[in-house]
Amino acid sequence: MPALPRVVVITGASAGIGRATALRLARDGAAIVACARRRDRLDALAAEIAAAGGRALPVVADVTCENDMERLVAGAIARFGRLDVMMCNAGFGIAGAIDDVPPLQMRKLVDVNYVGTYYAVRAALPIFRRQGQGHVIVISSIVGKRGVPYMGAYAATKFAQAGLAECLRSELVGSDIHVTVVFPVSTETEFAGVMARESGKATEARGPRQHAGAVADAIARAIARPVPEVYPYRKARGLVLLNAIAPGFCDRFVNKFGRKPLVGP
Ligand SMILES: NC(=O)c1ccc[n+]([C@@H]2O[C@H](COP(=O)([O-])OP(=O)(O)OC[C@H]3O[C@@H](n4cnc5c(N)ncnc54)[C@H](OP(=O)(O)O)[C@@H]3O)[C@@H](O)[C@H]2O)c1
């Protein structure tokens, strides 16, 4: 893997962590293939990158559509001739106790967060295998390592992403195709607004928060020097260790300090 990736596909590039990473990597010289559903946002991002002297290709696509993910990768190859990084980032959350989340909402979460990741990875892998190199970046969440109250439906999809990535990484040992899973804590993006809309209720996150730019910087470092896992908020690793040693104690800890019960509309 070259120190500076040449061509990076990012799903969910119209906002938040995806957008911040697109701008950061474009500044580093990468060509960005920016995927999301909102065309106006993607066009604005591509214009901002171009105005700063960079290269970006906006691609309107839905990660829940297998054909869209194949078209996304084909578009990257047609325009830039290769693919160095596939960043599976598109996602959203729903808050609520497990028996409060309607089955249709659960299916939608699985479709976007997990199946969307699977389709994007599946579209990129043949190119990576042909090139003999590539890098899959999966944006999970700290709740993909340790569940917290009222986030069970969402956390399950984040565990699923991490599981898929872990298996893929062990399949690719010894090759120059890397897999990195990123576990951000609460990050300032459109996420909370989308979650309130999708859940029908507002919820209050507690604990540490970070800027999307800090997550983007951590991703950029992982691309330059591939590592299996990234905790953009470094202290979050402590929660993972605590959970491995004392899961019951951790249950009480996250119950006390984790997300509060939902606030009605
Ligand atoms: N913010 C946090 O606190 C936090 C913490 C840990 C992990 N994460 C993870 O970070 C990732 C990015 O979230 P964010 O915080 O940056 O949220 P965000 O600001 O709401 O951005 C989400 C992005 O995903 C795109 N998206 C959603 N559904 C899509 C679909 N079906 N097809 C294509 N694109 C889709 C959205 O674009 P369009 O609406 O234009 O399609 C948007 O660009 C998610 O996987 C999330 O689970 C977030």
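Structure: see above.
Residues numbered from 1 in each chain as written. Predicted model: local features only at pLDDT ≥ 70, side-chain atom pairs only at ≥ 80, totals over all residues.

**Student:** Help me understand the site of the ligand, please; the structure alone is not making it clear to me.
**Tutor:** Around the ligand sit 29 residues in total, of which G12, G16, R37, R38 and G91 are the nearest. When residues of the shell around the ligand are traced back to their parent elements, those giving at least two are helix 1 (16-27), strand 7 (186-188) and helix 6 (191-199). The element best represented in the shell around the ligand is helix 1, accounting for three residues. (Near = placed C-beta within 6 Å. Helix = DSSP H or I, 4+ residues; strand = E, 2+ residues; numbered from the N terminus.)

**Student:** Explain the sheet that holds strand 5 (residues 134-139) to me, please; I cannot follow it from the model alone.
**Tutor:** Think of a sheet as strands paired side by side through backbone hydrogen bonds, with each pair either parallel or antiparallel. Read from one edge of the open sheet, seven strands run 3-2-1-4-5-6-9, paired in parallel fashion. At either margin of the open sheet sits one strand with a lone partner, and together these are strand 3 (55-60) and strand 9 (229-230). Sheet topology places strand 2 (residues 31-36) next to strand 3; six bridges connect them, and they run parallel. By the bridge assignment for strand 3, C35 is matched with V59. Strands in contact with helix 2 (residues 39-51) are strand 2 and strand 3; relative to strand 3, the strand with the most contacts, it is inclined by about 175°. (Pairing = 2+ DSSP bridges. Contact = placed C-beta atoms within 7 Å. Axes fitted to C-alpha atoms, helices over the stretch in contact; angles between N-to-C directions.)

**Student:** How should the packing of helix 4 (residues 103-131) against helix 5 (residues 152-171) be read in this particular structure?
**Tutor:** In a packed pair of helices, the relevant descriptors are the angle between the two axes and the axis-to-axis distance. The contact between helix 4 and helix 5 brings their axes to 9 Å, and the two run at 20°. As far as their axial angle goes, helix 5 and helix 4 are roughly parallel. Along this stretch, helix 4 crosses helix 5, giving a crossing that reads as right-handed. Contact residues: Q105, M106, L109, V110, N113, Y114, T117, Y118 and V121 in helix 4; A153, Y154, T157, K158, A160, Q161, L164 and L168 in helix 5. Residue classes in the contact of helix 4 with helix 5 are distributed as eleven nonpolar, five polar and one charged. (Parallel < 35°, antiparallel > 145°, perpendicular 65-115°, else oblique. Left-handed = near helix turned anticlockwise from the far one by under 90°. Nonpolar A, V, L, I, M, F, W, Y, C, P; charged D, E, K, R; others polar.)

**Student:** How do you make sense of the nonpolar core when you look at a structure like this?
**Tutor:** General note: in soluble globular proteins, nonpolar side chains tend to be found buried as a group. Among the nonpolar cores identified, the biggest contains 77 residues, and V9, I32, V33 and A34 are the most heavily contacted of them. Other than its neighbours up to four places away in sequence, A34 contacts I10, A13, A22, L42, L45, A46, A56, P58 and V59. (Core = buried A, V, L, I, M, F, W, Y, C linked by C-beta atoms within 7 Å. Buried ≥ 20, exposed ≤ 12 C-beta atoms within 10 Å, placed from the backbone.)

**Student:** What is the right way to look at helix 2 in this model?
**Tutor:** Residue pairs three or four apart in sequence face the same way in an α-helix, which turns once every 3.6 residues. Between its first and last C-alpha, helix 2 extends 18 Å over 13 residues, near the 18 Å set by a 1.5 Å rise per residue. Packed against the buried residues of helix 2 are helix 1, strand 2 and strand 3. (Expected span 1.5 Å × (residues − 1).)

**Student:** Honestly, the packing of helix 3 (residues 66-80) against helix 4 in this entry has me stumped. Any pointers?
**Tutor:** Across the interface, helix 3 lies against helix 4 with an axial gap of 8 Å and an inter-helix angle of 35°. Note on packing geometry: the crossing formed by helix 3 with helix 4 is right-handed. Only Y119, A120, A123, A124 and I127 of helix 4 make contact with helix 3, whose side of the interface consists of E66, M69, E70, L72, V73 and I77. Taken together, the residues that form the contact of helix 3 with helix 4 break down as nine nonpolar, no polar and two charged.

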